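Letter by letter, the chains look like this.
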Amino acid sequence: MSIADGIFIDMCKDILENGVSTEGEKVRPKWEDGSDAYTIKRFGVVNRYDLSKEFPALTLRRTAIKSCVDEMLWIWQKKSNNIHELNSHIWDSWADETGSIGKAYGYQMAVKHQYKEGLMDQVDRVIYDLKNNPYSRRIMTNLYVHQDLSEMNLYPCAYSVTFNCTKEKDSNQFTLNAILNQRSQDVLAANNWNVCQYAVLVHMLAQVCDMKVGELVHVIADAHIYDRHVPLIQELIQREPMDAPDFWLNPDIKDFYEFTVNDVRLDNYQTGPQITNIPIAV
Ligand SMILES: Nc1nc(=O)c2c([nH]1)NC[C@@H]1CN(c3ccc(C(=O)N[C@@H](CCC(=O)O)C(=O)O)cc3)CN21
Ligand SMILES: O=c1ccn([C@H]2C[C@H](O)[C@@H](COP(=O)(O)O)O2)c(=O)[nH]1
C-alpha cells in the first residue's frame, strides 16, 4: 500500500471526525447554481512525504500527472499567468477575456528582483542558491504579494516553498528537501494534485543541481472538504489502496528550463476508478 494513500485517508478521517463546519456562515466560494459552498475544515494539517521512499501519487483514484505537471511548469518554468499557455481547463473559471488570471502565480515568478548577486526572478534565485550556496537557509519563493492581491483573480493557495539541503553521513551528495506552504486546500480536487506537482518539482530541481531527493513537507493552514464532496470522500477512503507507482524522470535533462511533461512518467500506476465531474466551487 502506498504511504501517500495512508496519509490521505488519515487526513480525510481527521477532517470528517474532528473538523468544524462553516455551514450557515459567511463564506466566499459558490457552487455553479449560485448556492454557498460550505466546507468541513481542519486547521493546521502537516503531511510529510519521503520522496526517497516512493512517489506520493494517490492510488485510491488516479491523479492526472501530465495535467498537474503541466500546471506546475506553467507557473515555475513558463512563468505564465495566461490560460492559453496551459493545456488543461482547470483555470478557465478564473480567467478574464484575454485568458489572464491577473498578477497571480506565474506572473509573480517572472518578476525580476535586484539581489546582491544580480537581477533574477524567484525561480532563478532558487536554482542559483541550490548550486552555489546549498547550506543557505534563505532559499524560498513567495507568491503572496500583498501589493498585487487586488489584481489577482484568485489569491495564491500554494503560495510559498522553502528549500533546504542536507547531507547524510558518508555521502558526498546533497539531499534536497522542501516545505510547501498552502493557506487553503480543496482536499478532494487538489490535495494530491498539489502534492504530486511539488514532488515532481523537487525531483526536477534535485536532478539539475546534482542532488538526491529528500522530504516534501506539506503545511496546510485550512484543509477542507466541500459539502458536496463529503459523500465522494467517504466512498473514496473506503477503497483498498495499492502499491505506489514507479516514478521516471528523463535523466538526460540537466537544465530546469528544458523539462517538458513528456519527461515525467508514472509506470505501473494502478488505481481505483476515477471520480468524474467533481464539482468545483468558484
Ligand atoms: N474550489 C477550488 N478548488 C481547487 O482545487 C482550485 C480552485 N478552486 N481554484 C483554482 C485552482 C484550479 N484547480 C483545480 C481545478 C479543477 C481540478 C479538477 O477538475 N480536477 C480533476 C481532473 C482534471 C484533469 O484531469 O485535468 C480531478 O479529477 O481531480 C483540479 C484542480 C485547483 N484550484
Ligand atoms: O492549487 C490550488 C489552488 C486552489 N485550491 C483551492 C483551495 C480553496 O478551496 C480554493 C480557493 O479559495 P479561497 O477562498 O481563496 O481559499 O481553491 C487548492 O486546493 N489548490
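Residues numbered from 1 in each chain as written. Chains lettered and ligands numbered in written order. Predicted model: local features only at pLDDT ≥ 70, side-chain atom pairs only at ≥ 80, totals over all residues. Heavy atoms only, no water.

Within an unreviewed UniProt entry, the label attached to the chain reads Thymidylate synthase, and the organism entered is Anaerosacchariphilus polymeriproducens. We quote the UniProt Pathway (unreviewed entry) comment for the chain here in full: "Pyrimidine metabolism; dTTP biosynthesis." Under the UniProt heading Sequence similarities (unreviewed entry), the note attached to the chain is "Belongs to the thymidylate synthase family. Bacterial-type ThyA subfamily." (UniProt positions renumbered as here; feature names shortened; annotations may be inferred.)

### Here's the deal with the site of ligand 1
Around ligand 1 sit 14 residues in total, of which Arg61, Trp94, Asp186, Ala190 and Ala281 are the nearest. In the environment of ligand 1, a nitrogen atom lies 2.7 Å from a nitrogen or oxygen atom belonging to the side chain of aspartate 186. A distance of 2.8 Å separates a nitrogen atom of ligand 1 from a polar atom in the backbone of alanine 281. Coverage of ligand 1 by the protein chains reaches 78% of its 640 Å² of free accessible surface. (Near = heavy atom within 4 Å. Polar contact = N/O pair within 3.5 Å; in protein donor to acceptor, adjacent residues only side chain to side chain. Areas by Shrake-Rupley, 256 points an atom, 1.4 Å probe, with all protein chains shown as cover.)

### Observations regarding the environment of glutamate 151
With respect to the helices and strands, glutamate 151 occurs in the loop between β5 (140-142) and β6 (158-166). Under the relative-accessibility criterion, glutamate 151 is labelled partly exposed at 42%. Residue contacts for glutamate 151: discarding those within four places in its chain leaves Gly102 and Lys103. (Helix = DSSP H or I, 4+ residues; strand = E, 2+ residues; numbered from the N terminus. Buried < 20%, exposed > 50% of the residue type's maximum accessible area, 1.4 Å probe, protein only. Contact = heavy atoms within 4.5 Å.)

### Some details on the sheet that holds β5
Across the sheet, six strands lie side by side as β1-β2-β8-β7-β6-β5; this open sheet has mixed pairing. Lying at the two open borders of the sheet, with one neighbouring strand each, are β1 (20-21) and β5. Note that β6 and strand β7 (residues 175-186) share eight bridges and pair antiparallel. When the bridges of β7 are listed, alanine 158 appears paired with glutamine 182. Along the sheet, helix α1 (residues 3-18) makes contact with β1, β2 (39-50) and β8 (212-226), crossing β2 at roughly 160°. Where helix α5 (residues 187-208) meets the sheet, its contacts fall on β2, β6, β7 and β8, and the angle it forms with β7 comes to roughly 160°. (Pairing = 2+ DSSP bridges. Axes fitted to C-alpha atoms, helices over the stretch in contact; angles between N-to-C directions.)

### Notes on the side chain of arginine 125
Structurally, arginine 125 is set in helix α4 (residues 122-132). Judged by relative accessible area, which is 13%, arginine 125 ranks as buried. At 2.8 Å, the side chain of arginine 125 forms a polar contact with the side chain of glutamate 117. Setting aside its immediate chain neighbours within four residues, arginine 125 contacts Tyr115, Glu117 and Met120.

### Some thoughts on the UniProt feature "binding site: dUMP" (unreviewed entry) in the chain
In this structure's numbering, the residues bearing the UniProt feature "binding site: dUMP" (unreviewed entry) are Arg137, Arg138, Arg183, Ser184, Gln185, Asp186, Asn194, His224, Ile225 and Tyr226. A maximum C-alpha distance of 36.4 Å is found for the annotated residues, which run over 90 residues; spatially they are spread out rather than grouped. Position of arginine 138 among the secondary structure elements: in the loop between α4 and β5. Since its relative accessible area comes to 74%, arginine 138 is described here as exposed. Not counting residues up to four positions away in its chain, the partners in contact with aspartate 186 are Asn191, His224, Tyr226 and His229.

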